[in-house]
Amino acid sequence: MKFEVTILGSSSATPIFNRNPTSQALNINERLYLIDCGEGTQQQMLRFDVKASRIDHIFISHLHGDHYLGLVGLLSSMHLNGRKKALYLFGPPHLKEIIDLQLKYSETTLQFPLEFTPTDAQKAEVIVSNNDITVETIPLDHRIACTGFLFREKKRLRKLKKEKLEELKIPVEYYTALKKGNDYTSASGVIYKNDTLTIDSDEPKVYAYCSDTLYNEQYFKQIDKVTLLYHEATFLNDMLDRAKETHHTTALQAGEIALKTHARKLLIGHFSARYKTLNELLDEARSVFPATELAIEGKTFVID
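So, a few notes on the structure that sits alongside this text. Not measured: the values here are computed from a predicted model.

## Observations regarding the overall build of the protein
Here's step 1: The helix and strand tally for the protein stands at nine helices and 18 strands.
Here's step 2: Looking at the protein as a whole, 51% of its 304 residues are labelled buried.
Here's step 3: Across the protein, contacts joining residues at least 24 apart in sequence account for 66% of those joining residues at least 6 apart.
Here's step 4: On the protein, roughly 14,700 Å² of surface is accessible, and the fraction owed to carbon and sulfur atoms is 49%.

This is how it looks when you write it as C-alpha coordinates:
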(Lines give C-alpha, C1' and ligand atoms only; values in the text may rest on other atoms or scores of the structure.)
Protein backbone atom coordinates (compact mmCIF):
# COMPACT_ATOMS: atom_id res chain seq x y z
CA MET A 1 0.00 0.00 0.00
CA LYS A 2 1.37 3.41 -0.94
CA PHE A 3 2.28 5.53 2.08
CA GLU A 4 4.30 8.64 1.27
CA VAL A 5 4.46 12.35 2.01
CA THR A 6 5.28 15.20 -0.40
CA ILE A 7 6.56 18.46 1.07
CA LEU A 8 4.76 21.52 -0.31
CA GLY A 9 6.09 24.10 2.17
CA SER A 10 8.76 24.04 4.86
CA SER A 11 9.31 27.65 5.95
CA SER A 12 8.17 29.06 9.28
CA ALA A 13 6.32 32.32 9.86
CA THR A 14 7.45 34.09 6.69
CA PRO A 15 8.25 32.73 3.23
CA ILE A 16 11.63 33.34 1.66
CA PHE A 17 12.66 33.14 -1.99
CA ASN A 18 12.98 29.34 -2.11
CA ARG A 19 10.74 28.19 0.76
CA ASN A 20 7.00 28.51 1.31
CA PRO A 21 4.98 28.26 4.55
CA THR A 22 4.02 24.86 5.87
CA SER A 23 2.00 22.32 3.91
CA GLN A 24 2.29 18.61 3.14
CA ALA A 25 0.38 16.14 0.95
CA LEU A 26 0.13 12.64 2.33
CA ASN A 27 -0.69 9.80 -0.09
CA ILE A 28 -2.10 6.71 1.59
CA ASN A 29 -3.33 4.04 -0.78
CA GLU A 30 -3.93 6.72 -3.46
CA ARG A 31 -6.03 8.86 -1.12
CA LEU A 32 -4.60 12.35 -0.60
CA TYR A 33 -4.65 14.06 2.79
CA LEU A 34 -3.52 17.72 3.04
CA ILE A 35 -1.75 18.68 6.26
CA ASP A 36 -1.71 22.43 6.91
CA CYS A 37 -2.22 24.94 4.15
CA GLY A 38 0.06 27.96 4.37
CA GLU A 39 0.06 30.84 1.91
CA GLY A 40 1.01 29.69 -1.60
CA THR A 41 -0.03 26.08 -1.12
CA GLN A 42 -2.12 26.10 -4.31
CA GLN A 43 0.87 27.18 -6.37
CA GLN A 44 2.98 24.46 -4.80
CA MET A 45 0.29 21.89 -5.56
CA LEU A 46 0.37 22.92 -9.21
CA ARG A 47 4.15 22.90 -9.25
CA PHE A 48 4.44 19.40 -7.79
CA ASP A 49 1.37 17.85 -9.47
CA VAL A 50 -0.79 17.43 -6.37
CA LYS A 51 -4.37 17.51 -7.65
CA ALA A 52 -6.89 19.31 -5.43
CA SER A 53 -9.68 17.12 -6.78
CA ARG A 54 -8.06 14.11 -5.08
CA ILE A 55 -8.01 15.73 -1.64
CA ASP A 56 -10.97 14.81 0.58
CA HIS A 57 -9.43 15.52 4.01
CA ILE A 58 -7.58 18.65 5.23
CA PHE A 59 -5.97 18.95 8.66
CA ILE A 60 -5.03 22.34 10.14
CA SER A 61 -2.77 22.24 13.19
CA HIS A 62 -3.36 25.75 14.54
CA LEU A 63 -4.35 29.30 13.66
CA HIS A 64 -1.03 30.97 13.00
CA GLY A 65 -1.19 32.26 9.45
CA ASP A 66 1.70 30.26 8.06
CA HIS A 67 -0.36 27.12 8.63
CA TYR A 68 -3.77 28.10 7.25
CA LEU A 69 -3.78 31.33 5.20
CA GLY A 70 -3.85 29.38 1.94
CA LEU A 71 -6.99 27.48 2.93
CA VAL A 72 -9.73 29.91 1.90
CA GLY A 73 -8.13 30.34 -1.52
CA LEU A 74 -7.96 26.57 -1.97
CA LEU A 75 -11.62 26.17 -0.98
CA SER A 76 -12.56 28.94 -3.40
CA SER A 77 -10.68 27.24 -6.25
CA MET A 78 -12.35 23.92 -5.49
CA HIS A 79 -15.70 25.72 -5.66
CA LEU A 80 -14.87 27.47 -8.96
CA ASN A 81 -13.60 24.22 -10.47
CA GLY A 82 -16.98 22.58 -9.88
CA ARG A 83 -16.29 20.33 -6.92
CA LYS A 84 -19.42 18.56 -5.70
CA LYS A 85 -18.17 15.86 -3.32
CA ALA A 86 -17.78 16.57 0.37
CA LEU A 87 -14.57 17.93 1.85
CA TYR A 88 -13.70 16.97 5.42
CA LEU A 89 -11.88 19.67 7.36
CA PHE A 90 -10.30 19.29 10.80
CA GLY A 91 -8.84 22.14 12.84
CA PRO A 92 -9.24 24.51 15.79
CA PRO A 93 -12.86 25.48 16.56
CA HIS A 94 -12.46 29.13 15.43
CA LEU A 95 -11.29 28.05 11.97
CA LYS A 96 -14.90 27.57 10.87
CA GLU A 97 -15.73 31.14 11.97
CA ILE A 98 -12.84 32.48 9.86
CA ILE A 99 -13.99 30.57 6.79
CA ASP A 100 -17.63 31.59 7.24
CA LEU A 101 -16.62 35.26 7.53
CA GLN A 102 -14.57 35.10 4.34
CA LEU A 103 -17.39 33.42 2.44
CA LYS A 104 -19.99 35.82 3.84
CA TYR A 105 -18.28 38.98 2.64
CA SER A 106 -17.37 37.53 -0.75
CA GLU A 107 -21.00 36.41 -1.08
CA THR A 108 -19.87 32.89 -1.86
CA THR A 109 -21.88 29.74 -1.26
CA LEU A 110 -19.70 26.67 -1.70
CA GLN A 111 -21.12 24.19 -4.18
CA PHE A 112 -19.86 21.25 -2.13
CA PRO A 113 -20.46 20.15 1.48
CA LEU A 114 -17.77 21.33 3.89
CA GLU A 115 -17.84 18.95 6.84
CA PHE A 116 -15.95 20.61 9.70
CA THR A 117 -14.73 18.77 12.82
CA PRO A 118 -13.18 20.93 15.57
CA THR A 119 -10.04 19.58 17.23
CA ASP A 120 -9.33 19.68 20.95
CA ALA A 121 -5.78 20.72 21.80
CA GLN A 122 -6.16 19.41 25.36
CA LYS A 123 -6.54 15.72 24.60
CA ALA A 124 -5.63 13.13 21.98
CA GLU A 125 -8.56 11.68 20.07
CA VAL A 126 -9.25 9.68 16.92
CA ILE A 127 -10.80 11.99 14.32
CA VAL A 128 -10.71 9.76 11.22
CA SER A 129 -11.10 6.03 10.76
CA ASN A 130 -11.52 4.37 7.37
CA ASN A 131 -10.46 1.13 5.70
CA ASP A 132 -6.83 2.25 5.43
CA ILE A 133 -5.94 4.35 8.48
CA THR A 134 -6.85 6.05 11.70
CA VAL A 135 -5.89 9.67 12.38
CA GLU A 136 -5.33 10.88 15.94
CA THR A 137 -4.67 14.39 17.20
CA ILE A 138 -1.45 15.02 19.13
CA PRO A 139 -1.76 17.78 21.78
CA LEU A 140 1.30 20.03 21.46
CA ASP A 141 2.75 22.91 23.50
CA HIS A 142 2.67 26.06 21.39
CA ARG A 143 1.84 29.70 22.11
CA ILE A 144 -1.76 29.06 21.01
CA ALA A 145 -3.82 25.86 20.86
CA CYS A 146 -2.06 23.46 18.50
CA THR A 147 -2.30 19.80 17.56
CA GLY A 148 -0.17 17.46 15.55
CA PHE A 149 -1.62 14.49 13.69
CA LEU A 150 -0.77 10.79 13.88
CA PHE A 151 -1.57 8.75 10.77
CA ARG A 152 -1.61 5.05 11.63
CA GLU A 153 -2.01 2.37 8.96
CA LYS A 154 -4.54 -0.30 9.88
CA LYS A 155 -3.29 -3.85 10.28
CA ARG A 156 -3.77 -5.74 7.03
CA LEU A 157 -5.17 -9.27 6.75
CA ARG A 158 -2.77 -12.21 6.91
CA LYS A 159 -0.99 -13.29 3.71
CA LEU A 160 -1.76 -16.67 2.17
CA LYS A 161 0.88 -19.31 1.45
CA LYS A 162 -0.50 -19.97 -2.01
CA GLU A 163 1.70 -22.99 -2.77
CA LYS A 164 0.64 -24.66 0.48
CA LEU A 165 -3.05 -24.00 -0.19
CA GLU A 166 -2.76 -25.42 -3.70
CA GLU A 167 -0.88 -28.47 -2.40
CA LEU A 168 -3.70 -29.19 0.08
CA LYS A 169 -6.35 -28.31 -2.53
CA ILE A 170 -8.06 -25.90 -0.15
CA PRO A 171 -11.10 -24.34 -1.92
CA VAL A 172 -10.89 -20.64 -2.79
CA GLU A 173 -14.01 -19.87 -0.76
CA TYR A 174 -12.02 -20.50 2.45
CA TYR A 175 -9.33 -17.94 1.61
CA THR A 176 -11.03 -14.96 3.26
CA ALA A 177 -11.49 -16.83 6.54
CA LEU A 178 -7.84 -17.86 6.46
CA LYS A 179 -6.75 -14.25 5.93
CA LYS A 180 -8.74 -13.37 9.05
CA GLY A 181 -6.79 -15.92 11.09
CA ASN A 182 -9.12 -18.91 11.14
CA ASP A 183 -7.90 -22.51 11.03
CA TYR A 184 -8.98 -24.85 8.23
CA THR A 185 -10.68 -28.21 8.73
CA SER A 186 -10.58 -30.56 5.74
CA ALA A 187 -13.46 -32.75 4.62
CA SER A 188 -11.75 -35.70 6.34
CA GLY A 189 -11.60 -33.81 9.65
CA VAL A 190 -7.90 -32.85 9.62
CA ILE A 191 -7.32 -29.44 11.27
CA TYR A 192 -4.65 -27.21 9.73
CA LYS A 193 -3.52 -24.39 12.00
CA ASN A 194 -3.69 -20.95 10.47
CA ASP A 195 0.01 -20.20 10.92
CA THR A 196 0.87 -23.18 8.68
CA LEU A 197 -1.24 -21.75 5.86
CA THR A 198 -0.61 -18.02 6.20
CA ILE A 199 2.01 -15.52 7.32
CA ASP A 200 1.46 -12.36 9.29
CA SER A 201 1.08 -9.11 7.39
CA ASP A 202 3.62 -6.31 7.69
CA GLU A 203 3.59 -4.16 10.80
CA PRO A 204 1.41 -1.08 10.26
CA LYS A 205 3.33 2.05 9.31
CA VAL A 206 2.86 5.27 11.26
CA TYR A 207 3.49 8.91 10.32
CA ALA A 208 3.60 11.50 13.09
CA TYR A 209 3.27 15.16 12.11
CA CYS A 210 4.41 17.39 14.98
CA SER A 211 3.71 20.99 14.10
CA ASP A 212 4.81 24.02 16.11
CA THR A 213 5.69 23.09 19.67
CA LEU A 214 7.98 23.68 22.58
CA TYR A 215 10.09 20.70 23.59
CA ASN A 216 7.71 18.92 25.96
CA GLU A 217 7.72 15.23 26.83
CA GLN A 218 3.93 15.16 27.27
CA TYR A 219 3.45 13.88 23.71
CA PHE A 220 6.43 11.50 23.57
CA LYS A 221 4.49 8.37 24.55
CA GLN A 222 1.93 8.91 21.80
CA ILE A 223 4.57 9.13 19.06
CA ASP A 224 6.76 6.30 20.35
CA LYS A 225 8.22 4.01 17.65
CA VAL A 226 6.68 5.75 14.65
CA THR A 227 7.95 4.87 11.18
CA LEU A 228 8.55 8.49 10.20
CA LEU A 229 8.49 11.46 12.56
CA TYR A 230 8.09 14.93 11.10
CA HIS A 231 9.08 17.49 13.72
CA GLU A 232 9.51 21.21 13.54
CA ALA A 233 13.08 22.46 13.93
CA THR A 234 12.74 26.21 13.61
CA PHE A 235 16.11 27.23 15.07
CA LEU A 236 19.64 26.05 15.67
CA ASN A 237 20.34 25.28 19.30
CA ASP A 238 22.39 28.46 19.78
CA MET A 239 18.98 30.18 19.66
CA LEU A 240 17.45 27.98 22.36
CA ASP A 241 16.26 30.99 24.38
CA ARG A 242 14.44 32.33 21.32
CA ALA A 243 12.92 28.88 20.72
CA LYS A 244 11.59 28.79 24.27
CA GLU A 245 10.26 32.35 24.01
CA THR A 246 8.32 31.56 20.83
CA HIS A 247 7.37 27.99 21.83
CA HIS A 248 9.40 26.32 19.13
CA THR A 249 11.98 23.52 18.93
CA THR A 250 15.62 23.54 17.84
CA ALA A 251 17.15 21.06 15.40
CA LEU A 252 19.17 19.51 18.22
CA GLN A 253 16.01 19.02 20.29
CA ALA A 254 14.21 17.47 17.32
CA GLY A 255 17.01 14.91 17.08
CA GLU A 256 16.74 14.23 20.81
CA ILE A 257 12.98 13.73 20.49
CA ALA A 258 13.43 11.22 17.67
CA LEU A 259 16.02 9.36 19.73
CA LYS A 260 13.92 9.28 22.90
CA THR A 261 10.79 8.16 21.06
CA HIS A 262 12.60 5.45 19.07
CA ALA A 263 11.53 6.81 15.68
CA ARG A 264 12.78 4.92 12.66
CA LYS A 265 13.41 8.13 10.69
CA LEU A 266 13.19 11.87 11.36
CA LEU A 267 12.12 14.62 8.99
CA ILE A 268 12.72 18.21 10.12
CA GLY A 269 11.05 21.36 8.80
CA HIS A 270 9.45 24.74 9.66
CA PHE A 271 12.78 26.47 9.21
CA SER A 272 13.24 30.09 10.24
CA ALA A 273 13.69 32.46 7.31
CA ARG A 274 16.97 33.59 8.90
CA TYR A 275 18.59 30.41 7.53
CA LYS A 276 19.33 30.77 3.83
CA THR A 277 20.86 27.28 3.70
CA LEU A 278 19.83 24.34 5.85
CA ASN A 279 22.94 22.18 6.20
CA GLU A 280 23.69 23.41 9.71
CA LEU A 281 20.21 22.44 10.89
CA LEU A 282 20.57 19.00 9.33
CA ASP A 283 24.02 18.46 10.82
CA GLU A 284 22.82 19.50 14.26
CA ALA A 285 19.87 17.06 14.23
CA ARG A 286 22.08 14.28 12.81
CA SER A 287 24.61 14.77 15.60
CA VAL A 288 22.00 13.15 17.86
CA PHE A 289 19.88 11.17 15.40
CA PRO A 290 21.71 10.19 12.18
CA ALA A 291 18.57 9.01 10.32
CA THR A 292 17.42 12.59 9.73
CA GLU A 293 16.36 14.29 6.49
CA LEU A 294 15.37 17.84 5.56
CA ALA A 295 11.79 18.58 4.51
CA ILE A 296 12.81 19.89 1.10
CA GLU A 297 9.95 21.26 -0.98
CA GLY A 298 8.90 19.00 -3.84
CA LYS A 299 10.61 15.97 -2.32
CA THR A 300 8.53 12.86 -1.62
CA PHE A 301 9.43 10.62 1.31
CA VAL A 302 8.26 7.01 1.31
CA ILE A 303 7.12 5.95 4.78
CA ASP A 304 8.55 2.46 5.16
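## Quick word on the packing of helix H8 (residues 251-260) against helix H9 (residues 279-286)
Here's step 1: Taken N-terminus to C-terminus, the directions of H8 and H9 make an angle of 35 degrees; their axes are 7 Å apart at the nearest point. In this structure, the crossing between H8 and H9 has a hand that is right-handed. Between H8 and H9, the contacting residues are Ala251, Leu252 and Gly255 on the first element and Leu281, Glu284 and Ala285 on the second.

## Concerning the pairing of strand S15 (residues 228-232)
Here's step 1: For S15, the buried fraction is high: five of the five residues fall into the buried class.
Here's step 2: Residues Leu228, Tyr230 and Glu232 of S15 are buried on one face, and the alternating residues Leu229 and His231, pointing to the opposite face, are buried as well.
Here's step 3: Here strand S14 (residues 206-210) runs beside S15; their pairing, made up of four bridges, is parallel. Within S15, the position partnered with Tyr207 by the bridge is Leu228.
Here's step 4: Relative to strand S16 (residues 265-269), S15 runs parallel, the two sharing five bridges. In the sheet register, Leu229 faces S16, and the bridge partner there is Leu266.

## Brief notes about H8
Here's step 1: By the burial criterion, the buried members of H8 are Ala251, Gln253, Ala254, Gly255, Ile257 and Ala258.
Here's step 2: Those residues of H8 that are buried are in contact with S15, helix H7 (240-246), S16 and H9.
Here's step 3: Phi turns positive one or two residues past the end of H8, at His262, with a value near 60 degrees.

## Focus: the nonpolar core
Here's step 1: One finds Ile138, Tyr219, Ile223, Val226, Leu229, Ile268 and Leu281 to be the most contacted residues of the largest nonpolar core, which totals 31 residues.
Here's step 2: Per element, the largest residue contribution to this core is four residues, and it comes from H8.
Here's step 3: Leave out the neighbours within four places in its chain, and Leu281 touches Ala233, Phe235, Leu236, Ala251, Ile268, Phe271 and Tyr275.
Here's step 4: Counting residues in hydrophobic clusters, the runner-up holds 24 residues, among them Leu34, Met45, Leu89 and Leu110.

## Regarding the environment of Leu71
Here's step 1: Tracing the backbone shows Leu71 in helix H2 (residues 71-80).
Here's step 2: In this structure the C-alpha to C-alpha distance between Leu71 and Lys84, which are 13 residues apart in sequence, comes to 18 Å.
Here's step 3: Apart from residues no more than four positions distant in its own chain, Leu71 is found in contact with Cys37, Ile58, Ile60, Leu89, Leu95 and Ile99.

Reading guide: rules and limits
Residues numbered from 1 in each chain as written. Predicted model: local features only at pLDDT ≥ 70, side-chain atom pairs only at ≥ 80, totals over all residues. Heavy atoms only, no water. Helix = DSSP H or I, 4+ residues; strand = E, 2+ residues; numbered from the N terminus. Buried < 20%, exposed > 50% of the residue type's maximum accessible area, 1.4 Å probe, protein only. Contact = heavy atoms within 4.5 Å. Areas by Shrake-Rupley, 256 points an atom, 1.4 Å probe, with all protein chains shown as cover. Axes fitted to C-alpha atoms, helices over the stretch in contact; angles between N-to-C directions. Left-handed = near helix turned anticlockwise from the far one by under 90°. Pairing = 2+ DSSP bridges. Core = buried A, V, L, I, M, F, W, Y, C linked by side-chain atoms within 4.5 Å.

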